[in-house]
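Secondary and tertiary structure notes
What follows is the residue order along each chain.
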Amino acid sequence: MKNRLIVAAIGIPALLAAIFFTPIWGWGIVVAVMASFCAWELLHTAGKHVTPLVYALTMLMAVLTVAYISMDGWWTAVGDRLYFACAYVFVAALFLIAVVTHGKETALPFATVAVCIVGGLLFPAMYSCIALLRNVSPAFVLMPFVIAFIGDSFSMLGGMAFGHKKFAPHVSPNKTWAGFLAGPVGSAIGMVLLGLVAKLVWQMELPLCFLAVIGVVANLFGQLGDLSTSLIKREAGIKDYSHIFLTHGGVLDRFDSTLFIAPVVYAMLFVLEKL
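Residues numbered from 1 in each chain as written. Predicted model: local features only at pLDDT ≥ 70, side-chain atom pairs only at ≥ 80, totals over all residues. Heavy atoms only, no water.

A few points about the nonpolar core
The test is simple: Note on terminology: a nonpolar core comprises buried Ala, Val, Leu, Ile, Met, Phe, Trp, Tyr and Cys residues joined through side-chain atoms within 4.5 Å. Buried means the residue's accessible area, taken with a 1.4 Å probe over protein chains only, is under 20% of the maximum for its type, while exposed means over 50%, and partly exposed covers the values in between. Secondary structure elements follow DSSP: runs of H or I no shorter than four residues count as helices, runs of E no shorter than two count as strands, and numbering proceeds from the N terminus. The contact definition used throughout considers only heavy atoms, calling two residues in contact when any of these lie within 4.5 Å.
The biggest cluster of nonpolar side chains holds 67 residues, and the ones touching the most others in it are Trp27, Tyr127, Met143, Ile214 and Val265. Looking at this core element by element, the count peaks at 11 residues for helix H6 (residues 110-136). Once residues lying within four places of it in the same chain are set aside, the contact partners of Val265 are Leu133, Met143, Ile147, Ile214 and Ala218.

And the structure:
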């Protein structure tokens, strides 16, 4: 418990400082680093016969994916086709390694190739939405974290107070239906409070009712993200993806729900802009 409090006391102010005081490109670098660690953790957990070369290719592709999506100005100058060429070479290289090593004890199986593609392309694309939100406003980039952290707190409290019936006992034994229902309520309240803060600090007029709806919808996807990463750990027979954050686990342990929340928030804010 002491280590968890120490990590939280250091980590939360550091996260807020990165959001508010780093330039847009600096926040993009933070997200790219998160995505690369996410790729490493995913391969370390779900991959088999992963060589240093495969680790390096996947982590590099994760960084390039975040750079392409969140720093489009730089890529426009270079040429959008460069990224797709890199993605093609990445996938082709993985299959080449799988073909060359097939039949050997250290063969790279197709399942690991798929894990590399998820870690190098899909998950970084989802994380990139956090960088895209920062391109608009610090208030927007706070939304996925508010939805995740306050929603998780309400889920925990609701489960402790009213939880008896398990929600997904084979994937996450501690989750209950009461916690599942309390989470969206907490996220909606958190988004409304964030909307009020945004009005006072950034003079942003955001419709509170729509923010509450975003909180509810995004929380449901966030719970799916939490269960999805728990499923991977369950199949691998481990408790944490890594110990980057000491007893808090790794990037995928701490930001699993945010991974699924950020794209939903970005999409719904795009809808709000059109409305």
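Regarding the side chain of Asp253
The following threshold applies: We call two N or O atoms a polar contact when they sit within 3.5 Å, provided that within protein one can donate a hydrogen and the other can accept it, with sequence-adjacent residues counted only if both atoms are side-chain atoms.
Looking at the element boundaries, Asp253 is found in helix H10 (residues 251-254). A polar atom in the side chain of Asp253 sits 2.8 Å from the side chain of Lys233. In terms of polar contacts, Asp253 uses its side chain to reach the backbone amide nitrogen of Gly250, at 2.7 Å.

Regarding the pattern of salt bridges
The test is simple: For this document, the term salt bridge refers to a Lys or Arg side-chain nitrogen within 4 Å of an Asp or Glu carboxyl oxygen.
All chains considered together, the criterion is met by four salt bridges. Its salt-bridge partner being Asp226, residue Lys175 comes within 2.6 Å of it at the nearest N-O pair. Of this pair, Lys175 sits in strand E2 (residues 172-176) while Asp226 sits in helix H9 (residues 208-236), and the two are 51 residues apart along the sequence. For Asp226, a relative accessible area of 17% puts it in the buried group.

It is worth stressing that arrangement in space is one thing and function is another; only the former is reported here.
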